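Chain by chain, the residues:
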Amino acid sequence: MSVEQIEINGLVAALLKLEPWQLAALGGLGFIAYCVYYHQSRKIDLPSVGIEPGIFGPWKAAINFVHNSDALIKEGYYKYGKKGQAFKVATPARYMVLFSDPKMIKELWQTDESIMSFAKAGQERIASDYTLSRDLGAHPYHIEIILKNLTNRLSSILPEVFDELIKSFEDNTSITSAWTPVHNFSVMLKCISRTTNRLFVGLPLCRNEDYLNHCIEFATAASRGGATIDMFPFFMQPLVAKFFANRDKALAKVIAHVGPLFVERQKKMKELGEAWTDRPNDAVQWILEAAPPGTNLKDMCLRILFLNFAAIHTTSFSVLQVLYDLAAHPEYQEPLRQEIEAVVTQFGGWTKQALTAMKKLDSVLRESQRTSGVTILTGMRKAMKNHTFSDGTRVPKGTWVLAPTLAIHGDKDIYEDGLKWEGFRFSKMREQPGQEAKLQMVSGSTEYLAFGTGKHACPGRFFAANELKVLVAYIVLNYEFKFEDGKRPENKYYAYSCVPDLKAEMMYRERGDRHQSFANNCLPRD
Ligand code: HEM
């Protein structure tokens, strides 16, 4: 079943549960939403893609966007964007304006938050007031936590990352020296959710299946509920949220698991104060120390859930994409293995510096983000007032403005043979003088937007890059892998997202030389 079908079936199932009067009320609200939306569309004086004339045109185009976003955006990019012209695309929730010109993308990101707001667009996209909590937008201290606590301590937390990733991969697979089929998505989701939660809530909770399943269920419910609520004008959202913000069951379960940890730590902080010097180094502790006084337990647990929401599917999809690319191009596996072996030998072990020095590994990760990044649009900002950009583009209050990431990433005038995956594209480019630091997986620009760039670039990308490197390096050192028919499964494009095939199996077998490998024998374990 495709992702679209899963989404549509979920929506139909939710609608079938409603009483007739609730359905009639929703229908009425939908009609008002349509009228508001149509009125709004007339105010943006820009060329548009995919819209047919007539009163139902914009709405049809919006539905088309959900299923055909990649093709629509590429059409606009080549027709208008490449000529330096902004264009608009209809989505179910609103019109979006897209800038492709690097100068205008930069201008968008540099425009003051009070005029072009990243935070407001982010909150609207997942209707976070309803699917998560109002506290998230009011006190975004999680950004600081990710940048300061998680990123700054990457070196010291690496052994835990290694330990959890390797154990969870081994616990969830039984690969032998014969070719063994593995359902990649379920394995990667488990590896990433366990490892991420090792740093968020620590042992033993990070291995509790019930806790992890509810974190994943919550993330799925929040993104599905958020996308639905966001289709309606603001004044209707509190009512619509009553039907679609299905977070309560998963939230209650997560509070039951993680709540006692917060309570216990709070008690200890009160008792010992500054004398408690060996405090745990996890997100529970970071939240307790960063949350404004008076934050309640539910909001602290919701912050853990938000971190899971931001980290798990993005990283799981990313590792899936790079493994699919390497399985479809098995000739890259041996040079990667040699690089990893040589670098670990040179550094005398696995350190953060050693991971940074693995340029081929970094390059394949960046290349998979370029060709199959999790989102096909980045840099979103919401106009907080009517605004005119320096090129004369006028956007009314409420419009979203973004960059067409995937279209830019595939442009052959920017990347030679741009639609082709070439694993060592960036490691080769880094050999040119001046390019060394610019082309790392985590370095953004107007030509590489997988994590956004500028002030609001993904704060979790440094951690995610290390997690991905560790997992891919471990797999390459220990296994060979391929697709039985040699073909890479195709991605699906669903509104803003690029989704890998979640059903595909890959064949793995143990490498005969895995136990002789120096790099393998000194993998850090807890
Ligand atoms: C490979 C994995 C990941 C990818 C591809 C990814 C991608 C992104 C993208 C595209 C954005 C929006 C930037 C923009 O549109 O300009 C973003 C924002 C964000 N990401 Fe990630 N992300 C990943 C992993 C993570 C992880 C592991 C965390 C947390 C530990 C995280 C936390 C966040 C947060 C909190 C924001 C919002 C930033 C803000 O409000 O300023 N991400 N991410």
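What counts as what
- Residues numbered from 1 in each chain as written.
- Predicted model: local features only at pLDDT ≥ 70, side-chain atom pairs only at ≥ 80, totals over all residues.
- Heavy atoms only, no water.
- UniProt positions renumbered as here; feature names shortened; annotations may be inferred.
- Near = heavy atom within 4 Å.
- Polar contact = N/O pair within 3.5 Å; in protein donor to acceptor, adjacent residues only side chain to side chain.
- Helix = DSSP H or I, 4+ residues; strand = E, 2+ residues; numbered from the N terminus.
- Nonpolar A, V, L, I, M, F, W, Y, C, P; charged D, E, K, R; others polar.
- Axes fitted to C-alpha atoms, helices over the stretch in contact; angles between N-to-C directions.
- Parallel < 35°, antiparallel > 145°, perpendicular 65-115°, else oblique.
- Left-handed = near helix turned anticlockwise from the far one by under 90°.
- Contact = heavy atoms within 4.5 Å.
- Phe/Tyr/Trp six-rings, centres within 6.5 Å; stacked < 30°, edge-to-face > 60°.
- Buried < 20%, exposed > 50% of the residue type's maximum accessible area, 1.4 Å probe, protein only.
- Pairing = 2+ DSSP bridges.
- pLDDT = per-residue confidence, 0-100.
- Arc of directions from axis to C-beta.

- As named in an unreviewed UniProt entry, the protein chain is Similar to Ent-kaurene oxidase acc. no. Q701P2, taken from Pyronema omphalodes.
- In its Cofactor (unreviewed entry) section, the UniProt entry covering the protein chain states "heme".

## A short note on the site of the ligand
Here is step 1: In the neighbourhood of the ligand, 25 residues make up the surrounding shell, with Phe-118, Ser-318, Gly-379, His-456 and Cys-458 lying closest.
Here is step 2: The backbone of Gly-379 places a nitrogen or oxygen atom 2.8 Å from an oxygen atom of the ligand.
Here is step 3: In the model, an oxygen atom of the ligand is placed 2.9 Å from a nitrogen or oxygen of the His-456 side chain.
Here is step 4: Secondary structure elements with two or more residues in the shell around the ligand: α8 (141–152), α15 (297–328), β6 (378–383) and α21 (461–478).
Here is step 5: In terms of residues, the shell around the ligand owes the most to one element, α15, which gives six residues.
Here is step 6: Of the residues belonging to the shell around the ligand, the class tally is 14 nonpolar, eleven polar and no charged.

## Notes on the packing of helix α9 (residues 154–171) against helix α10 (residues 184–200)
Here is step 1: Here α9 crosses α10 at 150°, and the two axes come no closer than 9 Å. Taken as axis vectors, α9 and α10 run roughly antiparallel relative to one another. The chirality of how α9 crosses α10 is right-handed. Two secondary-structure elements touch here, α9 through Ile-157, Glu-160, Val-161, Asp-163, Glu-164, Leu-165, Lys-167, Ser-168, Phe-169 and Asp-171 and α10 through Val-187, Met-188, Cys-191, Ile-192, Arg-194, Thr-195, Arg-198 and Leu-199.
Here is step 2: Considered class by class, the residues forming the contact of α9 with α10 number nine nonpolar, two polar and seven charged.

## A look at the UniProt feature "binding site: heme" (unreviewed entry) in the protein chain
Here is step 1: The positions UniProt marks with the feature "binding site: heme" (unreviewed entry) are Cys-458.
Here is step 2: Here Cys-458 shows up in the loop between α20 (425–429) and α21.

## A word on the packing of aromatic side chains
Here is step 1: Applying the stated criterion across every chain yields a total of 19 aromatic pairs.
Here is step 2: Judged by centre distance (5.0 Å) and plane angle (85°), the rings of Tyr-77 and Tyr-78 are edge-to-face.
Here is step 3: Classification of Tyr-77 by relative accessible area gives buried; the value is 4%.
Here is step 4: Aromatic side chains Trp-400 and Tyr-496 sit 6.2 Å apart centroid to centroid with 40° between the ring planes, which places their arrangement in the tilted category. One end of the pair, Trp-400, is in strand β9 (residues 400–403); the other, Tyr-496, is in the loop between β11 (492–494) and β12 (497–499), and 96 residues separate them in sequence.

## Examining the sheet that holds strand β13 (residues 505–510)
Here is step 1: Strand order in the open sheet formed by three strands is β5-β13-β10, with antiparallel pairing between adjacent strands. Looking at the sheet topology across the chains shown, the edges are occupied by β5 (180–183) and β10 (479–482). Across the sheet, the mean angle from the axis of one strand to that of its neighbour is 35°, orientation sign disregarded.
Here is step 2: The pairing of β10 with β13 spans four bridges and is antiparallel. Paired with Phe-481 across the bridge in β13 is Tyr-508.
Here is step 3: Across the face of the sheet, α10 comes into contact with β5 and β13 while running at roughly 60° to β5.

## Examining the sheet that holds strand β2 (residues 87–90)
Here is step 1: With mixed pairing, six strands are arranged side by side in an open sheet as β1-β2-β3-β9-β6-β4. Every interior strand has two partners, whereas the edge strands, β1 (48–49) and β4 (116–117), have only one.
Here is step 2: Where β1 lies against β2, two bridges are found, and the strand directions are parallel. Across the sheet, residue Val-49 finds its bridge partner in β2, namely Val-89.
Here is step 3: Contacts from helix α4 (residues 102–110) reach β4, β6 and β9 within the one sheet, and its direction differs from that of β6 by about 55°.
Here is step 4: Of the strands in this sheet, β4, β6 and β9 are in contact with helix α5 (residues 118–125), which crosses β6 at around 100°.

## Observations regarding the packing of helix α14 (residues 283–290) against α15
Here is step 1: The interhelical angle for the contact between α14 and α15, taken along N-to-C directions, is 130°, at an axis separation of 10 Å. Here α15 runs oblique to α14, going by the angle between their axes. You can see that α14 and α15 cross each other, and the crossing is right-handed. Together, Ala-283, Val-284, Ile-287 and Leu-288 of α14 and Met-300, Arg-303, Ile-304 and Leu-307 of α15 make up the contact between the two elements.
Here is step 2: For the contact of α14 with α15, the class distribution of residues is seven nonpolar, no polar and one charged.

## Concerning the environment of Gln-321
Here is step 1: Mapping Gln-321 onto the fold places it in helix α15.
Here is step 2: Sequence separation between Gln-321 and Pro-293 is 28 residues, and the spatial gap between their C-alpha atoms is 42 Å.
Here is step 3: Beyond its immediate chain neighbours, meaning those up to four positions away, Gln-321 contacts Ser-368, Ser-372, Arg-488, Asn-491, Cys-498, Val-499 and Pro-500.
Here is step 4: There is a polar contact of 2.5 Å between the side chain of Gln-321 and the side chain of Arg-488.
Here is step 5: There is a polar contact of 3.1 Å between the side chain of Gln-321 and the side chain of Asn-491.

## Re the confidence of the model for the protein chain
Here is step 1: Averaged over the protein chain, the pLDDT score is 90; the fraction of residues at 70 or greater is 94%.
Here is step 2: Both scores are available for the predicted complex, with the pTM at 0.92 and the ipTM at 0.99.

## Topic: the environment of Ser-186
Here is step 1: Mapped onto the secondary structure, Ser-186 falls in helix α10.
Here is step 2: Since its relative accessible area comes to 28%, Ser-186 is described here as partly exposed.
Here is step 3: For the pair Ser-186 and Asn-172, spaced 14 residues apart in the sequence, the C-alpha separation amounts to 8.8 Å.
Here is step 4: A distance of 2.8 Å separates polar atoms of two side chains, one belonging to Ser-186 and the other to His-183.

## Describing α5
Here is step 1: Looking at α5, one finds that the buried residues are Ala-121, Gln-123 and Glu-124. One face of α5 carries all of its buried residues, which in axial projection span an arc of 165°.
Here is step 2: In this structure, the buried side of α5 is in contact with β4, α6 (128–131), α7 (134–138), β6 and β9.
Here is step 3: N-cap assignment for α5: the residue whose side-chain oxygen lies 3.4 Å from the backbone N of Ala-119 is Ser-117.
Here is step 4: In the stretch just after α5, Ala-127 is the one whose phi turns positive, near 40°.

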